[in-house]
Each structure stands twice: as C-alpha cells, then as structure tokens.
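As a plain string of letters, each chain reads:
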2 protein chains.
Amino acid sequence: MKSHLFIVIALAAGVLAGCKEGSNEAVPAAMDVIMTRTSIRSFNGEAVPREQLETILKAGMAAPSAMNVQPWRFVVLTDKDRIAELFGGGFRPEAYTSAGAIIIVCGQTKYMRKPWGQPDAPEEPAENIFWYEDCSAAAENILLAAHALGLGAVWTAGYPAMERVAPLAEALGIPEDVTPLCIIPIGVPAENPAPKDKWNPDNIHWDKW
Amino acid sequence: MKSHLFIVIALAAGVLAGCKEGSNEAVPAAMDVIMTRTSIRSFNGEAVPREQLETILKAGMAAPSAMNVQPWRFVVLTDKDRIAELFGGGFRPEAYTSAGAIIIVCGQTKYMRKPWGQPDAPEEPAENIFWYEDCSAAAENILLAAHALGLGAVWTAGYPAMERVAPLAEALGIPEDVTPLCIIPIGVPAENPAPKDKWNPDNIHWDKW
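Procedures and definitions
- Residues numbered from 1 in each chain as written.
- Chains lettered and ligands numbered in written order.
- Predicted model: local features only at pLDDT ≥ 70, side-chain atom pairs only at ≥ 80, totals over all residues.
- Helix = DSSP H or I, 4+ residues; strand = E, 2+ residues; numbered from the N terminus.
- Buried ≥ 20, exposed ≤ 12 C-beta atoms within 10 Å, placed from the backbone.
- Contact = placed C-beta atoms within 7 Å.
- Core = buried A, V, L, I, M, F, W, Y, C linked by C-beta atoms within 7 Å.
- Axes fitted to C-alpha atoms, helices over the stretch in contact; angles between N-to-C directions.
- Left-handed = near helix turned anticlockwise from the far one by under 90°.
- Expected span 1.5 Å × (residues − 1).
- Pairing = 2+ DSSP bridges.
- Arc of directions from axis to C-beta.
- pLDDT = per-residue confidence, 0-100.

Helices and strands together make up the secondary structure of chain A, namely seven helices and eight strands. Residue burial in chain A is summarised as follows: out of 209 residues, 42% are buried. Here the analysis covers contacts within chain A between residues at least 6 apart in sequence; of these, 74% occur between residues at least 24 apart.

As structure tokens, this is what we get:
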C-alpha cells in the first residue's frame, strides 16, 4: 500500500510539473507562442485542412485597424498546380511549392467616408494611409496562429516591392484598389530551426532617446 | 492509509482537470489571447513594473523582419509629467495620461549593406523599404503580450501621419533616420469593452479573387 501511495504522489507531482505555473495559464502559453515562432521555409507538402485555415484567418481578422476599417483581404491558395505555376519559377520556390496552402494578405487601399466636418454629405472614397500597418498586424496574427496550431509559416515580401506585387495581382485578378502586402506559405514543417534570440536592450530608450 | 490514498488520487484528478485539454496547451491559450485582445483607452494610472515592460518589449523584438534587419527601436515613457506634457493637450488625452507607460514603436529607416553583387565592397546605408511592416508586426506582438499579462493597450497613429510624427520625434530627440510608427499606451484597464467580432468570410477569396 505504501508503494502505491508513493506512486500516486509521484504521478500527482508529475502532473503538477506539467501544468503551467500561475493563475493565468494564457500568459506563459501565449508568450511561448510569440517567443518561439520562427520562419519555416520547408514543408512536408500535406494540405492544411480548411478548418485550420479558417482559424488562422480568424486570428488575422482579430488584428486592430485604424478607425476599425478592417482593410484586410485574403487570397488563399490551396491548389498545388496553381501554386507551382505562380511561385515555382521564383526566388526560393520550395518555400511555396512544399507548403500546404498560401495566404496572400492584401489591403484595400481606399475606404468610404464622409468628408471631414460634413456629417450630412454622402460618403466618398478616401485613401487609407494605414492599410499596410493594419494588414501587417493581421499578418503577424496569422503567423502566430499557424505556429500555435503546430504549423509553420513565413512572411515573404510583397508591397512595397512592386516588381513582386504587380505580376501577382495581375495573375490573381486582384482589383486595382487592393494591394498584396505579403505572401505567407503555411504547412507542416519539414525543418525545425531554433527561434532566433533577438532581445537587444540597446533598442530600448527609457524616457528619452 | 486508504483515506490518504483517496485524497491523493482526488488531488491528482483535480490537478489534471485544471490543466488545459490536449497535448498542446499553447493552442487554445494563444488563440484566446489573439481573439480577445481589444483596444483599451482608459487605465487606472498604476505604473507598469519594469519587468513587465521588458517582457512586452521582448515580445516586440520576437517579430519577424525582412532580411532579419530588426529595424525596431522603442522609446518607453514612464514619467507621468513627461507623458502629460507630450500628450495631455492632444486627441483623447486620457488614453495617454491614465496609462502606466507608453511605448513608442519606432523604425530605423536605413540599414547597412554591401551593394548588390559586390561582396568585397564596404557596407553602405540603404533604404529599408520594409521597416514599417516589421515594426507593425512588433507592435502587434506588444499588444498581444500586454493583453496576455492582463494589461490593456491601444495602437494609436504615428507614421505616416507626419503631423503627429514630426513634433513627437523632435520633442523626444529621435534621430532623423528613425521614425515613430505608433504610440502604445499600456496600463491596468479601467474599462472592459467586449472584443469586436470581426470575422467576415467575404474577406476571403479561395484560390482566386
């Protein structure tokens, strides 16, 4: 009996050790996800289930946006032939062709608003000068959500590198007032790089520059 | 002895129930943090401990950046008088003056590199066309980390609204090749708004626009 008791105590201790510390488990887990996310550029080719893609896109749409305009639009590529056609001949093609899906985060560069100080005037299109910041926040949420789900992803350049943006927008039939910000391949990682330690206290200026 | 054994088993079961389900606790917790973050513009005035600010800044510096340039720089204001002086007379002053600290996320707009295709040439300064995207990803990590720690925060506009950026940069002595991207008040929330549900399937274009 004593040995049984000992085993049960040992089990309980093991379970305790497996639990996150503190009263709010979300703290270490979310910080873990932020701190261990790193760029994955090689995938095993498996498709990403639509449900997971929608979870990831929900995270993207949970980002903040200036005046809550929500300028993000997403083109999601899951067709392998289409992906190979679009990215197979470019820079680091395997990062795209081995992915299970590609999310192209785009931004609507105009929005409808009433002219300033004219509450009775009709709405008219205005430039959204913050679209690329809002869409960048959405892109970061997408990377974090993919990592939280055990998938890998990498932010690859779009805007303002127009030599990459323009042909892609044309090939996909993206309207003129929407601009691809970045191209994010997502999939089951086929590599396991250590996250970079980018902590640098010299980047912080306390109370003045 | 049997009753002791029973108590230990009950304790072990209780501990197990307190753990998140599934093999990866980070998934629900990190998604929770992403989905429940919302803008907080009213704080109770309490200071944010330096240790928490450093945790939040670590999250910022864990963002991805184009070519791993890490262009982010941070001015952290904790002095209440200085905060009142800088923001007390502007738009929505209470969002700043009630905060425990303010993080101004800035970007170094140039970086040193060798001219393309000249590996033996000396490095020279080049424009970093991606600085505001990298710094936006850092800003989103900062908002998420603050929320994960139980604090509130809000992204308020800087770049490219130069009428806000230029006087702030001058007042803080920020160098010419560094630009304030956004101003993030952080503190203990004095309001508890429901997170917005921004899920909109119309924002998603599957396999083509």
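Before going further, it helps to spend a moment on the nonpolar core. Counting 121 residues, the largest nonpolar core has A:V105, A:I142, A:I184, B:V105, B:I142 and B:I184 as its most contacted members. Excluding its chain neighbours within four sequence positions, the residues that come into contact with B:V105 are B:W72, B:F74, B:C135, B:A138, B:A139, B:I142, B:L181, B:C182 and B:I184.

Attention now moves to the packing of helix α3 (residues 50-61) of chain B against helix α6 (residues 131-148) of chain B. All names here are of chain B. Closest axis-to-axis distance for the α3/α6 pair is 7 Å, and the angle between their directions is 145°. Relative to α6, α3 is oriented so that their crossing is right-handed. On the side of α3, the interface is formed by T55, I56, A59, G60 and M61, while α6 contributes A138, N141, I142, L144, A145 and A146.

Another point: α6(B). All names here are of chain B. For α6, with 18 residues, the first-to-last C-alpha span of 26 Å sits near the 26 Å given by 1.5 Å per residue. When you tally the buried positions in α6, you get 18 out of 18 residues, the bulk of the element. Two residues or fewer past α6, G150 is found with a positive phi of approximately 85°.

Attention now moves to the pairing of strand β2 (residues 101-108) of chain A. Residues and elements named next belong to chain A. Buried residues dominate β2, accounting for seven of its eight residues. As defined by bridge partners, strand β1 (residues 72-77) adjoins β2 across six bridges and the pair is classed as antiparallel. For V75, the partnering residue across the bridge sits in β2 and is I104.

It is worth spelling out helix α4 (residues 80-87) of chain B at this point. All names here are of chain B. Looking at α4, one finds that the buried residues are I83, L86 and F87. Down the axis of α4, the sector holding all buried residues measures 75°, keeping them to one side. Away from its buried face, by an angle of more than 90 degrees, α4 presents the exposed residues D81 and E85.

Another point: unusual backbone geometry. With omega at 0°, the peptide bond leading from A:Y159 into A:P160 counts as cis. Along the polypeptide, A:P160 turns up in the loop between β6 (156-157) and α7 (162-172). A positive phi is found at A:D207, a non-glycine position, where the angle reads about 70°. When you line up the elements, A:D207 lands in the segment after β8 (204-206). For A:D207, a count of 13 C-beta atoms within 10 Å puts it in the partly exposed group. One non-glycine residue with positive phi stands out, namely B:R92, at about 45°. We classify B:R92 as partly exposed; it has 13 C-beta atoms within 10 Å.

Along the chain, B:A66 falls in the loop between α3 and β1 (72-77). Between the alpha carbons of B:A66 and B:E124 there is a distance of 18 Å; along the sequence they are 58 residues apart. When residues no more than four places from it in sequence are discounted, the contact partners of B:A66 are A:A157, B:F130 and B:D134.

The next subject is the confidence of the model for chain A. Residue and element names in this part refer to chain A. Per-residue pLDDT for chain A averages 90, and the proportion of residues at 70 or more is 87%. Low pLDDT (under 50) marks residues 1-23, which in the prediction has 30 contacts with non-local residues, meaning those over four places away or in another chain. On the interface metric, ipTM, the complex scores 0.88, and its pTM is 0.88.

A few words on the environment of A:K110. Residues and elements named next belong to chain A. Here K110 lies in strand β3 (residues 110-113). Each C-alpha atom of the pair K110 and I204 lies 35 Å from the other, and the pair is 94 residues apart in sequence. Non-local contacts of K110, meaning those with residues more than four positions away in its chain, are made with P125, A126, E127, N128 and D177.

On to the environment of B:A139. Looking at the secondary structure, you find B:A139 in helix α6. In this structure, the C-alpha to C-alpha distance between B:A139 and B:W116, residues 23 residues apart in sequence, is 30 Å. Residues within four places of B:A139 in sequence aside, it is in contact with A:A137, B:V105, B:W155, B:L181, B:C182 and B:I184.

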